[in-house]
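Understanding the architecture of this molecule
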Amino acid sequence: MGIKNRRPELLIPASSLEVLKTAVLFGADAVYIGGEVYGLRAKAKNFSMEDMAEGIAFAHERGVRVYVTANILAHNDDLAGVREYFTELKKIGPDALIISDPAVFMIAKEVVPEIELHISTQANNTNYGTYRFWHSLGAKRVVSARELSLRELKGIRENIPDDLEIETFVHGAMCISYSGRCLLSSFMTGRDANKGACTHPCRWKYALVEESRPGQYMPVYENERGTYIFNSKDLCMIEHIPELMAAGIDSYKIEGRMKTALYVATVTRAYRTAIDDYLRDPAEYEAKLPYYRSEISKCTYRQYTTGFFFGKPDETTQIYDNNVYERNYTYLGIIGAKHPQYPNRYRIEQRNKFSVGEIIEVMRPNGADEEIIVKGIYNEENEFQESAPHPKQVIWVELEIELEVGNLLRRKEEENLE
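What you are looking at is a predicted structure, and each value in this text was computed from that prediction instead of being measured.

**Brief notes about the sheet that holds strand β16 (residues 359-363)**
Spatially, 4 strands are ordered β13-β22-β16-β17 in an open sheet, and the strand pairing comes out antiparallel. Of all the strands in the sheet, the pair left with one neighbour each is β13 (329-334) and β17 (370-373). Recorded for the sheet is a direction-independent mean angle of 35° between the axes of neighbouring strands. As judged from the 4 bridges shared by β16 and β17, these two strands associate in the antiparallel manner. Note that in β17 the partner of Ile359 across the bridge is Ile373. Relative to strand β22 (residues 408-412), helix α9 (residues 261-280) is tilted by about 90°, and along the sheet it contacts β13, β16 and β22.

**Some points on the nonpolar core**
Counting residues in each nonpolar core, the largest one holds 93 residues, and the members touching the most others are Phe86, Leu97, Ile241 and Tyr271. It is α9 that provides the largest number of residues to this core, a total of 11 residues. Not counting the four nearest positions on each side in its chain, Ile241 is found in contact with Tyr252, Tyr271, Ala274, Ile275, Tyr278 and Tyr285. Residues Phe354, Val374, Ile377 and Leu403 belong to the second largest nonpolar core, which totals 17 residues.

Quick notes on the rules
Residues numbered from 1 in each chain as written. Predicted model: local features only at pLDDT ≥ 70, side-chain atom pairs only at ≥ 80, totals over all residues. Heavy atoms only, no water. Pairing = 2+ DSSP bridges. Helix = DSSP H or I, 4+ residues; strand = E, 2+ residues; numbered from the N terminus. Axes fitted to C-alpha atoms, helices over the stretch in contact; angles between N-to-C directions. Contact = heavy atoms within 4.5 Å. Core = buried A, V, L, I, M, F, W, Y, C linked by side-chain atoms within 4.5 Å. Buried < 20%, exposed > 50% of the residue type's maximum accessible area, 1.4 Å probe, protein only.

Shape is all these values report; function is a separate question.
Below, the structure written as structure tokens:
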């Protein structure tokens, strides 16, 4: 298959079963998740084996693939557990495993030969020879290093077997280290980023101390708030789908396995629309660039950059004066079961406070978003309450229109919040 004929996969992260279902409903071609061990997001909620089995079944019923991350850099004591873990995964049948460690790769080949193996970005995949190496061992896909330009990616595509797939991050947070291999967290907090426990010290505030002047902190700042010298802007390539297509990338990967369902729904729907529009009519895609830009700004982000795709980043890629997220919408909950007795009353697990009489917005997979008024809020005992102030309280919310299970509720904010 030539470069021009490759239909890209939209690959979405999920931190929980709820978020997986949201990704599937809002347009993902594939979802990647982590189990409770051996992935690089130990602080994420992650999936129990039971939830993983349910999520895979839910996705497969709708033609969506599921990949499981097992991309730690393993130590001796990890290897026996990896073997046991893959034996368990064999029973529930994910479509692929994402791996960075050669020992873990060889265990997977032995224990689950029927499951595709994808090579994680953590393996520092920067040239076509590396891609060929992994292909010779049986890898189906290699995730490119984030440090590659589109020119380099196209060169890789032209020099690897046609059946070897390229997966590339196109949206989300950018790690300050090389291909995600960072020692800051391990050194400063004792939590190893390369085993899934990153505390994100790259987002912290720093000052300079000169060796002979201990205790004298000299700020390196752009303004009075200090500097966040390692704090990258977020990657966003939604305005460059044609260039990604021309490079021959098979899978467009979104970062964010610790993000909310609202974030996932927003990003998934925006990229799904942009990709489909371009494939149908490039002129339509070009005309709708302002729309994609507007939609993608409705989720939390740190300002946007195109990363390394068009050459090495310069000083404009960093944010020196804060670590504030831009947030234009607040996540309220997902429509669950419809009430068996009362029309237009729906079960949700509340995620942020809202009140009766407020104007909120329903977000649908097809893009038909709509402002609605909250008519009533009831607890599980059917007692009326003026507001829903308790995080994760299960409530019944009465609205003025009929909604579908899986629709999201959000509230537009007047100003950006931290």
